[in-house]
Amino acid sequence: MGKIVIRNLTKTYSGGAVVALQDIDLDIAANESVCVLGPSGCGKTTLLRIVDSLIGRDRGDVLIDEEPVSRPRPDVAVVFQHFGLFPWKRLDENIAYGLELRGKTRDDIAATVERYVTLIGLKGFEKSYPHQLSGGMQQRAGLARAMAINPSVLLMDEPFGALDAQTRELMQEELLRILETERKTMIFVTHSIDEAIVLGDRIVVMSCRPGRVRQIFPVEIPRPRKILSVRAHPRYIELRNAIWEMLKSEQEPISSSEA
Amino acid sequence: MTRRSKVRLLSLVVVLGLWEYYGRRVNPILFTYPLAIFRAFIELVLSGELQSYMRDSLLVLLYASVLSVIVGVFFGVVMGRYALVEWATDIYVNALYSMPMVAMVPLIVLWFGFKVPAKVIIVFLFMVFPILINTYQGVKDVDRNLQEVARSFCSSEAQLWRHLIIPSALPFIVVGIRLAIGRGLVGMIVAEFYTSITGLGYMIVRYANAFETDKLFVPIVVVMVLGVGLMSLAKWCERRIAPWRNFDERE
């Protein structure tokens with residue numbers, strides 16, 4: 001479950017003046033992890049939001065499990081860069097949010113929340129408010145909230161972008177571990193080549209203005225993965241250099257034209 | 001006792017002491033002193049006069065508060081949620097909020113008479129706009145990111161209100177209520193000045209006309225204490241209702 005097909009997807013802003021995405025074609029298999037890389041403003045986040053129909057599109061189709069997407073789907077969960085926790089809800093209530101909307105019973109919710117609190121290592125913090133937690137802990141909660149509804153598709157919008165480097169690596173390990181126990185189809189938008197190689201089965205590199213798929217790299221590093229063993233893998237260096245060269249050629253014209 | 005409360009206490013003792021000392025040397029028709037006010041207070045309580053007038057005032061305040069919270073929150077939310085309503089009504093709301101509501105008092109008395117309904121309407125007009133406008137601001141202020149989160153989890157409109165809009169706007173609503181209480185007290189006294197039948201405002205007018213300055217000060221002090229008490233209550237509610245806003249608090 002969770003097969004995604006994107007066909008001829010085009011999105012413009014400002015009445016067509018800015019083409020954010022042009023003719024994107026992408027097939028993502030069930031349980032596959034695809035990382036999307038590209039310069040700032042190349043429409044990565046726009047692409048992610050269109051997949052869950054959080055914003056509209058000009059042309060083209062998105063299909064999940066052969067069904068055209070026209071509104072947010074209950075089996076798709078999003079993890080946001082800004083965490084998006086409700087400040088008035090305690091940690092356990094935040095994780096329970098999606099379950100409550102789906103009308104699960106009290107016992108059901110309690111059991112599921114308990115399970116994910118343990119899985120993300122936040123036992124003992126259930127009754128804390130988000131502002132009492134560190135950024136890393138808040139994003140763990142954001143991840144737990146998404147996982148708790150048992151989605152078939154996980155959309156990650158630079159989820160670790162706001163975290164410091166060390167917390168970020170810990171979160172990557174955590175995510176690798178969690179996805180090993182519960183496989184999901186995942187689209188993971190990131191700025192970091194390293195993060196993309198560590199987490200992805202394939203890496204989509206996008207080009208800018210208009211946003212297009214420039215190239216797709218298969219990662220071909222076996223799972224289960226650990227960050228350190230991925231980095232020691234010969235394929236890691238090879239991919240890193242190839243992607244870096246490609247992004248560098250993308251970046252230069254951008255920096256002069258974009259404020 | 002902290003240094004802060006020591007200074008406060010000392011300040012109170014000094015001010016009351018000076019007032020007591022110099023107040024006794026002034027013609028009692030023009031001014032009075034704390035002990036005389038206290039004596040007058042006891043007298044008015046023993047005769048039951050103070051309680052009876054206070055009850056009338058508080059009832060008006062209570063009715064008007066309940067009415068203005070219901071009406072203010074409801075229209076505030078509606079205005080915040082539906083642009084059409086906002087565009088159609090915001091000029092009137094802002095005009096009425098900016099206008100010194102005292103100007104409306106004679107008109108209200110002309111229309112509704114001198115009894116409780118007229119006073120409730122006057123106090124209601126003093127109170128409703130800060131609540132309405134704050135609620136509206138609170139609804140407008142709802143975090144767009146969180147709205148997107150709600151959409152991504154397929155929230156229904158009712159769930160959106162319950163989980164996002166109301167909790168998010170609640171601190172604004174409580175601040176609005178706090179502002180409204182201050183204005184409501186003004187409205188209550190003005191209404192009672194104008195209608196002059198009963199209430200603390202009427203007591204003030206009556207004892208001022210009778211040159212009984214010590215008794216005149218009793219309702220003044222009562223209104224002051226009432227204001228301080230209600231404000232503190234509102235602030236306490238604010239803390240209870242929105243604990244996530246107290247960023248220093250650790251539980």
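To be clear, the structure that these remarks concern was listed above.
Residues numbered from 1 in each chain as written. Chains lettered and ligands numbered in written order. Predicted model: local features only at pLDDT ≥ 70, side-chain atom pairs only at ≥ 80, totals over all residues.

Colleague: How would you sum up the interface of chain B and chain A? Please name residues and give values.
Modeller: Each partner contributes to the interface: chain B provides 16 residues, whereas chain A provides 17 residues. Secondary structure elements with two or more residues in the side of chain B that touches chain A: α7 (144–152) and α8 (157–195) of chain B. In terms of residue count, the dominant contributor to the side of chain B that touches chain A is α7 of chain B (six residues). When the residues that make up the side of chain B that touches chain A are grouped by side-chain class, the tally is eight nonpolar, five polar and three charged. (Contact = placed C-beta atoms within 7 Å. Helix = DSSP H or I, 4+ residues; strand = E, 2+ residues; numbered from the N terminus. Nonpolar A, V, L, I, M, F, W, Y, C, P; charged D, E, K, R; others polar.)

Colleague: Could you give me a rundown of the sheet that holds strand β3 (residues 33–37) of chain A, with the residues and numbers involved?
Modeller: All names here are of chain A. With mixed pairing, six strands are arranged side by side in an open sheet as β6-β7-β8-β3-β9-β10. A single partner strand is all that each edge strand has here, and the edge strands are β6 (76–79) and β10 (212–218). Averaged over all pairs of adjacent strands, the angle between their axes in this sheet comes to 20 degrees, without regard to strand direction. Across five bridges, the pairing between strand β7 (residues 153–157) and strand β8 (residues 185–190) is parallel. Bridge pairing in β8 links D157 to V189. Helix-sheet contacts for helix α1 (residues 44–51) involve β3, β7, β8 and β9 (202–207), and the interaxial angle to β8 is about 155 degrees. (Pairing = 2+ DSSP bridges. Axes fitted to C-alpha atoms, helices over the stretch in contact; angles between N-to-C directions.)

Colleague: Residue-level account of helix α4 (residues 83–98) of chain B, with values.
Modeller: Residues and elements named next belong to chain B. Taking 1.5 Å as the rise per residue, α4 with 16 residues should run 22 Å; its terminal C-alpha atoms sit 22 Å apart, in good agreement. In the structure, α4 departs most strongly from a straight axis at T89, where the bend amounts to approximately 50 degrees. The element α4 is barely covered by neighbouring structure, given that only zero of its 16 residues are classed as buried. (Expected span 1.5 Å × (residues − 1). Bend = angle between axes of the 7 residues up to and from the residue. Buried ≥ 20, exposed ≤ 12 C-beta atoms within 10 Å, placed from the backbone.)

Colleague: Give me the lowdown on the pairing of β7 of chain A, citing residues and values where you can.
Modeller: Residues and elements named next belong to chain A. With five of five residues buried, β7 lies mostly within the body of the structure. Residues V153, L155 and D157 line one face of β7 and the alternating positions L154 and M156 line the opposite face, and both faces are buried. Pairing geometry for β6 and β7, over four bridges, is parallel. For V76, the partnering residue across the bridge sits in β7 and is V153. With helix α5 (residues 165–181) bridging β7 and the parallel β8, this β-α-β connection has right-handed handedness. (Right-handed = clockwise from strand over helix to strand, strands pointing away.)

Colleague: I'd love a proper account of the packing of helix α3 (residues 106–119) of chain A against helix α4 (residues 135–148) of chain A, names of residues and values included.
Modeller: All names here are of chain A. Running from amino to carboxyl end, α3 crosses α4 at an angle of 135 degrees, the nearest separation of the two axes being 10 Å. Considered as vectors, α3 and α4 are oriented oblique to each other. Relative to α4, the crossing made by α3 is right-handed. Contact residues: α3 offers T112, V113, Y116 and V117, while α4 offers A144, M147 and A148. The residue inventory of the contact of α3 with α4, partitioned by class, reads six nonpolar, one polar and no charged. (Parallel < 35°, antiparallel > 145°, perpendicular 65-115°, else oblique. Left-handed = near helix turned anticlockwise from the far one by under 90°.)

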